[in-house]
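# Examining the three-dimensional arrangement
For reference, the chains in residue letters:
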Amino acid sequence: MGTETDGDSPFESTASYEQTPLEVYQNKFDRAVGGPLGVLWEDYRGRFGILLVGFYVLMGTVGVALVPQPKPNMGPRYVQPFQDPNFILGTDGLGQGLFSLMVHATPPMLKMILAGAIFANLLGVSVGLYTGYVGGATDKAIMSFVDTLNSIPGIPLLIILAAILEPTNPFLIGIILSVQRWTGRVRTIRSQVIPLANEEHVEAARALGDSKSTVLVREILPHLLPYIFIGFLGGATGIVFASVGLYFLGILPFDTQNWGIVLNFAYEQSGAMYSLEAAHWLLVPLVTIVGLTVGLTLLAQAFDQVFNPRVRARHRARGTDPGEEADEQEPTTSDVGRTRVE
Amino acid sequence: MTASVNTERTGVASQETVLEVRDVSVTYDTARGRARVLDDVSLDVHRGETLAVIGESGSGKSTFGSVLMDGVEDPGITSGEVLYYPESGGEPVDITGVSSRKLRQIRWEEIAIVSQAGSNSFNPAISIRRHFTDTFRAHDVSREAGLERARESLRELDLNPQRILNAYQHELSGGEKQRTQLALALVFDPNVLVLDEPTAGLDLLVQQRLLGQLYDLQEEYDLTMVFISHDIPVVAGFADRVAVMYAFEFVEFGDAADILLSPEHPYTRLLSQANLGPDISLDAVRRIGGDPPDPVNVPSGCPFHTRCPIADDRCAEEKPELRADEADTHEVSCFYPDTAVAEIPHSGGPASGDEQ
Amino acid sequence: MSPAGSDTLLSLEDLVVEYGDETAIMNAVPQRVKERFGWESDPARAVDGVSLDVAEEEVVAVIGESGSGKTTLGKAAVGLEEPSEGSVRYRGEDIWELKRKRQIGDLEYQDARRSLQIIHQDPGASLNPYKTLQTILKRPLRRWFPELTHADCRERILGIFREVGLTPATDYLERYPHELSGGEQQRVALVRAMLVEPDLVLADEPVSALDPSLRISLMDLMLDLRETFETSFLLVSHNIQHARYIASQADGRIAVMYLGNIVEIGSIDEVLQDPKHPYTQVLLWASLPRNPDSAVEKLQAEPPLRESNAPDAANRPGGCQFHTRCPKARAVCADEMPPVETTSVGHEAACYRTDDAHQYWKDAPLDDEGEIPIPEVPDQI
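Residues numbered from 1 in each chain as written. Chains lettered and ligands numbered in written order. Predicted model: local features only at pLDDT ≥ 70, side-chain atom pairs only at ≥ 80, totals over all residues.

### Details of the overall build of chain A
Scanning chain A from N- to C-terminus turns up twelve helices and two strands. Across chain A, helices and strands are ordered from the amino to the carboxyl terminus as β-β-α-α-α-α-α-α-α-α-α-α-α-α. A burial count over chain A gives 39% of its 342 residues as buried. For chain A, restricting intrachain contacts to residue pairs at least 6 apart in sequence, the fraction spanning at least 24 positions comes to 67%. (Helix = DSSP H or I, 4+ residues; strand = E, 2+ residues; numbered from the N terminus. Buried ≥ 20, exposed ≤ 12 C-beta atoms within 10 Å, placed from the backbone. Contact = placed C-beta atoms within 7 Å.)

Have a look at this one:
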């Protein structure tokens, strides 16, 4: 790796070898994805989180192809779990395999989560970042609008929207479920951006000519990432609960499958709360719901580590994070010594 | 690796010891290895004196200050002992080993600490009055009596008690915050005051005033002060004795006049030149090359040898002990103190004997 | 106020920077209503009408205490704070006009933006903690020198590290700011500013957060880089000794600020040897000596001021703003702000004492005990 110098100053040197853009991007990818995954895996919560959530993702993708669609009378009614190898989790009062029910309700749930959390965060974070940084009259105008929206009560709004629109598309449902959420995000993101906007490194970036969007993304956003990710995952759990709740209450149309529907039937149709025979009909969806939310929560906790530069530095030192290799021929002096040009 | 100081040999008339530090080390386990931020230090602090501890960031000086109040928090591990001799006489108390209840009583009532200017030593969410009353409650002092004393304390530092007590920390200027911290530290009339860079970052006029007030307070209350700083001029007017820290241990120690005007350790001599002041000509200013020592990786032999202009092979291999110099005026940890005096210029101010 | 015969790089004209935030409600009230009811609030001024020229390759040190407005002045000078009144001109053009119009004549806003850089007091906070040093330094390079390839940038950064003593250089590339000592961080901040080859760098208390032995190293580095790049420096500090070290070696000037105004300005040697304004004299007095005997004396001395507490910008005294504390204040000082007088070439001060024939000398001192003497400070050698 050689250096060509223009004149005497190292400030003007250029390289005499080529590094292709591909190599640069590969490097960046390693650092952006490989590193974080490594950090997550190291943390026991991250590991569990990845495994749990991964399991659900598998269920929702591969699982639906392998596991048969739930139908009434696909098997005897009220089969207990772990009795029959054909119906691992047993069957419900209509003879539907509970495992099938769980698996096939997963894709719509995942879609709802994706759509909803992305919607709420994309909108909330970008508006919050912008308005917090820009300040002044623009900020005041935007916040008046946002605060007004925010003051509309959430649950009644959801119920009304669900009742009027009767949505069946899970992406649409996800967005509706998050319609209240984004306004809250704007406020919280903004309140974190305001003190950051005056930080020295932000000011230095402005001086060095970075545009507003560059400053927001490179200097301010990294401070907020842990919060955003945790909020994202928290929003996901919120959507899980909200959807289950609305389906359970029968407000959302049953065209789409959902664990809440199973709960609804279990509760209404057979009094599963009162009989041991039908108890599993209630417990299976409950455990499924809890499993996903626990997985999401664990991931959220572990993510905090990913964004912490001290943790990243330790990983790099241990070699689990890709980085440059030290040149062994470099002298280890760190004398500031330079000669004054006399 | 004991760098111990024998107080009989410093030439100061033997005085009562108020704090005895014996073979204290503080270590931390870090990802890079074991960091030793205080390396077997021993020192005696005399009652009523001002002991200046000079060192730079990362020399261990702040840790030393914390140790005096057993303030080193987990995961730092403190070994060795710190004995405190109460004014009333009687048995010395081992601060590092005593019960937490007794420690709480000692802290603040006997030994108080004022930390760096600009640090967030005040809780921004509560008023200054709350800070005082919380302290009173922790020490079983009645609120009214305590507040009376607080007002007195504040007035002594030229602060308006009414205004300060009602204020929140962000409403106070840097100098006011420092003086309030000082008032809080003095509210129980402690015997020992530990000051860690109390004037860092303060304006020149504010600094002069704060130091002047400290000087008066010390006279009036016969305080023992341990004054930690990286800035020699700040302690020059106070110090009775000076201890210089480098690489987590003491490298020079003795009477202030000796250390400030004719030190013998290369680091101390170089440090004097690296400090700017009105009484040093710009030509005499020199920087010290190299970088401060890494607690996980202290250089072998004499820890200063990598930056020392007179170091030789012996310095790289063997570690010097802190011992009295030939004239027996103070203690130095160097193999060649005479060479240091001969070859490294020193600027201690116009009255200094060996100024260029 | 500019040194004779040099090209003016940056010119501040009657600069005023206000601070003070109205509440949202007050903001919504129309101006006329406010005037009608007298609800106008006078915003406090951090910078109260300052004019200053900085020439190419010049070093100007701005000294003052906290509350003097020196930092605000500096940031306004490099275009990071918008002035409320007055103008900041880069090579003749108002930079905020330039920003709006993107280009005036031959001059683009981009040129101005790149030419005015900043170094902060707190090196830890001035580097993005989430990025490696390589990323931090690569950005401005890629932004301003798009012809450089990634490999070029890397080599250039390595070379710079070696030059300023951050070795092994390849090691430092992948480090995060928290893995550096304060001195190293500040070196990185300095080279980051110099990378883009600016015309003027604002150094805001660049060494106050460093240990004394590191200060000299960094200031030497600043001086070296200044020569290499022919950059001007605007040094803001509360410590006269720092100003002295840097400005003296660069034949620079020093400006002393008090409550938003420059009260004295001149070449560094002149102002330190022969300070004309009482405030400058008091500041010089407050520097602590190293010699123990002088130090004790200084500690016990009463500062030569009428009042110890500094006024704040929201409550400015009338007349000469320093009169409430000035040891030499007389009746006329409370009435009117003294104009700036030139006492010798390039040396100006805003004090009636510079005019031997002024009414001032006939007035009685404001202090009941008469004029307070300012002890002679031994000559700065």
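### A look at the packing of helix H9 (residues 212-248) of chain A against helix H11 (residues 276-306) of chain A
Residues and elements named next belong to chain A. At their nearest, the axes of H9 and H11 sit 8 Å apart, and the two run at 170° to each other. When the axes of H9 and H11 are compared, the pair comes out roughly antiparallel. Contact residues: H9 offers Pro226, Phe229, Ile230, Leu233, Gly234, Ala236, Thr237, Val240 and Val244, while H11 offers Ile289, Leu292, Thr293, Leu296, Thr297, Leu299, Ala300, Phe303 and Asp304. Considered class by class, the residues forming the contact of H9 with H11 number 13 nonpolar, four polar and one charged. (Axes fitted to C-alpha atoms, helices over the stretch in contact; angles between N-to-C directions. Parallel < 35°, antiparallel > 145°, perpendicular 65-115°, else oblique. Nonpolar A, V, L, I, M, F, W, Y, C, P; charged D, E, K, R; others polar.)

### Let's talk about helix H5 (residues 154-165) of chain A
Under the 1.5 Å per step criterion, the end-to-end length of H5(A) is 16 Å for twelve residues, consistent within 8% with the ideal 16 Å. In the stretch just after H5(A), Glu166(A) is the one whose phi turns positive, near 45°. (Expected span 1.5 Å × (residues − 1).)

### Re unusual backbone geometry
Cis geometry is adopted by the peptide bond preceding Pro168(C), which originates at Thr167(C) and carries an omega value of 0°. Mapped onto the secondary structure, Pro168(C) falls in the loop between helix H8 (150-163) and helix H9 (169-173). The phi dihedral of Asp158(B) is positive, around 65°, even though this residue is not glycine. Relative to the assigned elements, Asp158(B) resides in the loop between helix H4 (143-156) and helix H5 (161-166). A residue is classified by how many C-beta atoms lie within 10 Å of it, and Asp158(B), with 14 of them, is partly exposed. In this model, Arg91(C) sits at a positive phi of 50°, which is unusual for a non-glycine residue.

### With respect to the sheet that holds strand S2 (residues 44-55) of chain C
By way of backbone hydrogen bonds, the strands of a sheet pair with one another, either parallel or antiparallel. Residue and element names in this part refer to chain C. On the basis of which strands lie adjacent, the open sheet formed by four strands has the order S2-S1-S4-S5 and antiparallel pairing. Two strands in the sheet have a free side with no partner beyond their single neighbour: S2 and strand S5 (93-94). Strand direction decides the pairing type here: strand S4 (residues 85-90) and S5, joined by two bridges, are antiparallel. Within S5, the residue paired with Tyr90 across the bridge is Glu93. (Pairing = 2+ DSSP bridges.)

### Digging into the interface of chain B and chain C
The interface is formed by 42 residues belonging to chain B together with 38 residues belonging to chain C. Among the secondary structure elements, those contributing two or more residues to the side of chain B that touches chain C are helix H7 (204-221), helix H8 (232-236), helix H9 (256-261) and helix H10 (266-274) of chain B. Looking at the side of chain B that touches chain C, its residues break down into 21 nonpolar, 13 polar and eight charged.

### Considerations on the confidence of the model for chain A
Residue and element names in this part refer to chain A. Counting all residues, the mean pLDDT for chain A is 81, and 85% of those residues have values of 70 or more. This stretch, residues 1-7, has a pLDDT under 50; its non-local contacts, to residues over four places away or in other chains, come to 17 contacts. Low pLDDT, under 50, characterises residues 321-342; the predicted model gives this stretch 46 contacts beyond four residues in sequence or across chains. (pLDDT = per-residue confidence, 0-100.)

### Comments concerning the sheet that holds strand S2 (residues 33-46) of chain B
Read across the open sheet, the four strands follow the order S2-S1-S4-S5 (chain B); overall the sheet is antiparallel. Edge positions in the sheet fall to S2 and strand S5 (93-94) of chain B, since each has one partner strand and no second.

### Digging into the pairing of strand S11 (residues 253-258) of chain C
Residues and elements named next belong to chain C. Across the six residues that make up S11, a large majority, six, are buried. Burial of S11 is two-sided: the residues Arg253, Ala255 and Met257 facing one way and the residues Ile254, Val256 and Tyr258 facing the other way are all buried. The sheet contact formed by strand S3 (residues 59-63) and S11 spans four bridges and is parallel. Looking across to S11, one finds that Ala61 is bridged to Ile254. In this structure, S11 lies alongside strand S12 (residues 261-267), joined through six bridges in antiparallel fashion. Residue Ala255 lies in a different strand from S12, and its bridge partner there is Ile265. The turn joining S11 and S12, which pair antiparallel and follow one another in sequence, is formed by two residues; a positive phi near 45° is taken by Leu259.

### Some points on the environment of Gln213(B)
All names here are of chain B. Take Gln213: it is sitting in helix H7. Measuring from C-alpha to C-alpha, the distance between Gln213 and Arg179 comes to 9.1 Å, with 34 residues separating the pair along the chain. Not counting chain neighbours up to four residues away, the residues in contact with Gln213 comprise Leu157 and Asp158.

### Details of the pairing of strand S9 (residues 241-246) of chain B
Each regular strand displays side chains that alternate between the two surfaces of the sheet. Residue and element names in this part refer to chain B. A large share of S9 lies buried, amounting to six of its six residues. By the alternation rule, side chains of S9 split into Arg241, Ala243 and Met245 and Val242, Val244 and Tyr246, which are all buried. By the bridge criterion, four bridges tie strand S3 (residues 50-54) to S9 in an arrangement that is parallel. What sits directly across from Ile54, in S9, is Val244. Two strands pair when backbone bridges link them, and S9 and strand S10 (residues 249-255) are joined in this way by six bridges, in the antiparallel orientation. Bridge pairing links Tyr246 to Glu249 in S10. Between the antiparallel neighbours S9 and S10 lie two residues, among them Ala247 with a positive phi of about 50°.

### Here we look at the packing of helix H3 (residues 98-134) of chain A against helix H6 (residues 170-177) of chain A
Residue and element names in this part refer to chain A. H6 packs onto H3 with a crossing angle of 45° between their chain directions and a minimal axis gap of 7 Å. Relative to H6, the element H3 is oriented oblique. When you trace H3 past H6, the crossing you get is right-handed. Residues Pro108, Lys111, Met112, Ile113, Leu114, Ala115, Gly116 and Phe119 of H3 form the contact with H6, whose own contacting residues are Pro170, Phe171, Ile173, Gly174, Ile175 and Leu177. Across the contact of H3 with H6, the residue classes tally to eleven nonpolar, two polar and one charged. (Left-handed = near helix turned anticlockwise from the far one by under 90°.)

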